[in-house]
Amino acid sequence: MGNSQSGALSKEVLEDLKMHTHYTEEELCKWYESFKKQCPTGKITQTEFEKIYANFFPDSDPKTYARHVFRSFDTNDDGTLDFREYIIALHLTSSGKTSLKLEWAFSLFDVDRNGEVSKNEVLEIVTAIFKMIPSQEQKNLPEDENTPQKRADKLWAYFKSDDKDKIAEGEFIQGILKNDDIMRLIQYDPKKQS
Ligand SMILES: [Ca+2]
Ligand SMILES: [Ca+2]
C-alpha cells in the first residue's frame, strides 16, 4: 500500500504543508511535480544546494552561507532536504511577513540549535554573509562595517544592552524589527541589476 504512493505526494505531507503554509493543494501538487522532475531522488543534497547558491552569486563565495542555510532548512537533520523541508523553506523566506523571515533568521544564527544566539554564532553567520559580498562592493562599505568582525561587533553591541551573553529568539526578532540598520546587517541583498 505504502509503495504505491512513492511517486505522488503523500496525503500526510500534503495536509501538514497546508496547515503550516499558506499554499493551496493545487500549488503544492504542481510544485511537487516539478520538484520530482528536478530532483528524481526526492531529496536535495548539500552539494546540490551549494551549486544553486553558486549560480546566484557568481562574483563572491556563498558556500559557507549556503551551508548554514541548508542546516537551517534541514530540520530533521538527515543531511538532505526533502519536499516538505523545501516548501517550508520557501514559505519562510519568500513570505512577505517580516516576523516569519526573522524567525527563520534566528534559526540560521542559532548554529548549535540550543535556542539562543551567542556572540560566536553572530560572528560565524556574519562572516558567511560577508563572503557573499563581491570584493568590489566590500571596498565601498562604511568604515564600521567593512570587516566581518566589525559587523558582528556592531550587531552584538546593539543587542547586548544588559549583561547576558546570549540573545533569545523574542529579543532577536523584536530588536531587528525596530532597527533597519540591524536588519540590513543580518542579510545580503545583491544590488538589483539595472
Ligand atoms: Ca532533511
Ligand atoms: Ca546557539
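These numbers come from a predicted model, not from an experiment.

As for the overall build of the protein
- Of regular secondary structure, the protein possesses 11 helices and 4 strands.
- The dimensions of the protein, computed from C-alpha atoms along their principal axes, are 60 × 35 × 30 Å.
- Scored against the burial criterion, the 194 residues of the protein give a buried share of 20%.
- Considering only residue pairs separated by 6 or more positions, the protein has 59% of its internal contacts joining residues 24 or more positions apart.

Some points on the domain arrangement of the protein
- By domain assignment, the protein separates into domain 1 (12-94) and domain 2 (98-187).
- When each unit is reduced to the centre of its C-alpha atoms, the spacing between domain 1 and domain 2 is 23 Å.
- Facing the 12 residues of domain 1 at the interface are 12 residues of domain 2.
- No other element matches helix α4 (residues 63-73), which puts 5 residues into the side of domain 1 that touches domain 2.

Topic: the UniProt feature "domain: EF-hand" (unreviewed entry) in the protein
- As recorded in UniProt, the sites labelled "domain: EF-hand" (unreviewed entry) are residues 61-96 and 97-132.
- The straight-line gap between the two end C-alpha atoms of residues 61-96 is 27 Å; of that span, 64% is helix and 8% is strand.
- The straight-line gap between the two end C-alpha atoms of residues 97-132 is 24 Å; of that span, 69% is helix and 8% is strand.

Focus on the environment of E169
- Inspection of the secondary structure assignment puts E169 in helix α10 (residues 169-177).
- For the pair E169 and S10, spaced 159 residues apart in sequence, the C-alpha to C-alpha distance is 33 Å.
- In this structure E169 touches F106 and G115, once residues within four positions along its chain are discounted.

With respect to the packing of helix α6 (residues 98-109) against α10
- Following both chains from N to C, one finds α6 and α10 inclined at 130°, their axes separated by 10 Å at the closest point. By the angle between their axes, α6 is oblique relative to α10. Note on packing geometry: the crossing formed by α6 with α10 is right-handed. Taken together, the residues of α10 that come into contact with α6 (itself represented by T98, S99, L102, E103 and F106) are E169, F172, I173, I176 and L177.
- Here the contact of α6 with α10 is built from residues that sort into 6 nonpolar, 2 polar and 2 charged.

With respect to the nonpolar core
- Counting residues in each nonpolar core, the largest one holds 27 residues, and the members touching the most others are F109, V122, I125, V126 and I129.
- By residue number, the principal contributor to this core is helix α7 (residues 119-131), which donates 6 residues.
- The residue makeup of this core includes at least three contributed by each of domain 1 (12-94) and domain 2 (98-187).
- Ignoring sequence-local partners within four residues, the contact set of V122 consists of F109, V117, A152, L155 and W156.

Parameters at a glance
Residues numbered from 1 in each chain as written. Chains lettered and ligands numbered in written order. Predicted model: local features only at pLDDT ≥ 70, side-chain atom pairs only at ≥ 80, totals over all residues. Helix = DSSP H or I, 4+ residues; strand = E, 2+ residues; numbered from the N terminus. Buried ≥ 20, exposed ≤ 12 C-beta atoms within 10 Å, placed from the backbone. Contact = placed C-beta atoms within 7 Å. Domains from an automatic or database assignment. UniProt positions renumbered as here; feature names shortened; annotations may be inferred. Axes fitted to C-alpha atoms, helices over the stretch in contact; angles between N-to-C directions. Parallel < 35°, antiparallel > 145°, perpendicular 65-115°, else oblique. Left-handed = near helix turned anticlockwise from the far one by under 90°. Nonpolar A, V, L, I, M, F, W, Y, C, P; charged D, E, K, R; others polar. Core = buried A, V, L, I, M, F, W, Y, C linked by C-beta atoms within 7 Å.

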